[in-house]
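Each chain, written out:
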Amino acid sequence: MELNKIEQENLKAFLVSVYGNQARSWEMNDAVFNQTVYMLQESNKCTDLIDFVPRPMPLGANPISYIKKTARNILLRKLKNSKNQYKVCVSTSAAKFKAKLVLAGLGF
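Residues numbered from 1 in each chain as written. Predicted model: local features only at pLDDT ≥ 70, side-chain atom pairs only at ≥ 80, totals over all residues. Heavy atoms only, no water.

**Thoughts on the state of the cysteines**
- By the definition in use, this model includes 1 disulfide.
- The partner cysteine of Cys 46 in its disulfide is Cys 89, sulfur to sulfur 2.1 Å. With the S-S bond torsion at -65°, the cross-link from Cys 46 to Cys 89 turns out left-handed. On the criterion of sequence distance, the pair formed by Cys 46 in helix H2 (residues 30-50) and Cys 89 in helix H4 (residues 87-105) is long-range, its members being 43 residues apart.
- Cys 46 gets classed as partly exposed once you look at its relative accessible area, which sits at 23%.
- Classification of Cys 89 as buried rests on a relative accessible area of 0%. (Disulfide = S-S within 2.5 Å. Helix = DSSP H or I, 4+ residues; strand = E, 2+ residues; numbered from the N terminus. Buried < 20%, exposed > 50% of the residue type's maximum accessible area, 1.4 Å probe, protein only.)

In structure tokens form, the structure reads like this:
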């Protein structure tokens, strides 16, 4: 199923937000869309993992209390960020998939 004009524009707008102006010249087709989906799935995996990374312990904090509080905060952060992604995850996935997206846009 081919992308319609609006879908192409939306896909291009997203890719420009990730890759910058260079993405404006990319052809938006089904292959580019599929690679974008794969990139976002990869980014979601990264975001899920980063949610479980404890934040630094402040100086002078009680380690046991801090671990309890951190575990609670990890769960709350996971619930809050269930639809958001960390920029570092999007950037890493974007770098990983850039060549695939360019080639997909060229019909390869």
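**Observations regarding the confidence of the model for the protein**
- The predicted model of the protein has a mean per-residue pLDDT of 86, with 94% of residues at 70 or higher.
- Per-element mean pLDDT across the protein ranges from 81 in helix H3 (residues 63-80) up to 92 in helix H1 (residues 5-19). (pLDDT = per-residue confidence, 0-100.)

**What about the nonpolar core?**
- The biggest cluster of nonpolar side chains holds 14 residues, and the ones touching the most others in it are Leu 15, Tyr 19, Trp 26, Val 32 and Leu 101.
- Excluding anything up to four places from it in sequence, Trp 26 contacts Lys 12, Leu 15, Tyr 19, Lys 98, Leu 101 and Val 102. (Core = buried A, V, L, I, M, F, W, Y, C linked by side-chain atoms within 4.5 Å. Contact = heavy atoms within 4.5 Å.)

**Focus: the packing of aromatic side chains**
- Inspection of every chain in the model, using the stated rule, returns 1 aromatic pair.
- Aromatic side chains Tyr 19 and Trp 26 sit 5.1 Å apart centroid to centroid with 55° between the ring planes, which places their arrangement in the tilted category. Just as Tyr 19 is buried, Trp 26 falls in that class too. (Phe/Tyr/Trp six-rings, centres within 6.5 Å; stacked < 30°, edge-to-face > 60°.)

**Looking at the environment of Val 102**
- Here Val 102 shows up in helix H4.
- Expressed as a C-alpha distance, the spacing of Val 102 and Ala 23, which sit 79 residues apart in the sequence, is 8.6 Å.

**Let's talk about a nonpolar patch on the surface**
- A surface patch of nonpolar side chains, amounting to about 380 Å² of accessible area, comprises Leu 103, Leu 106 and Phe 108.
- Here Leu 103 is to be found in helix H4.
- Judged by its relative accessible area of 43%, Leu 103 is partly exposed. (Patch = residues over 30% accessible without salt bridge, like charges linked within 9 Å, V, L, I, M, F, W, Y side chains within 5 Å. Areas by Shrake-Rupley, 256 points an atom, 1.4 Å probe, with all protein chains shown as cover. Salt bridge = Lys/Arg side-chain N within 4 Å of Asp/Glu carboxyl O.)

**Section: the side chain of Thr 36**
- In this structure, Thr 36 sits in helix H2.
- The residues touching Thr 36, leaving out its near neighbours within four places in the chain, are Leu 11, Phe 14, Leu 15 and Leu 101.

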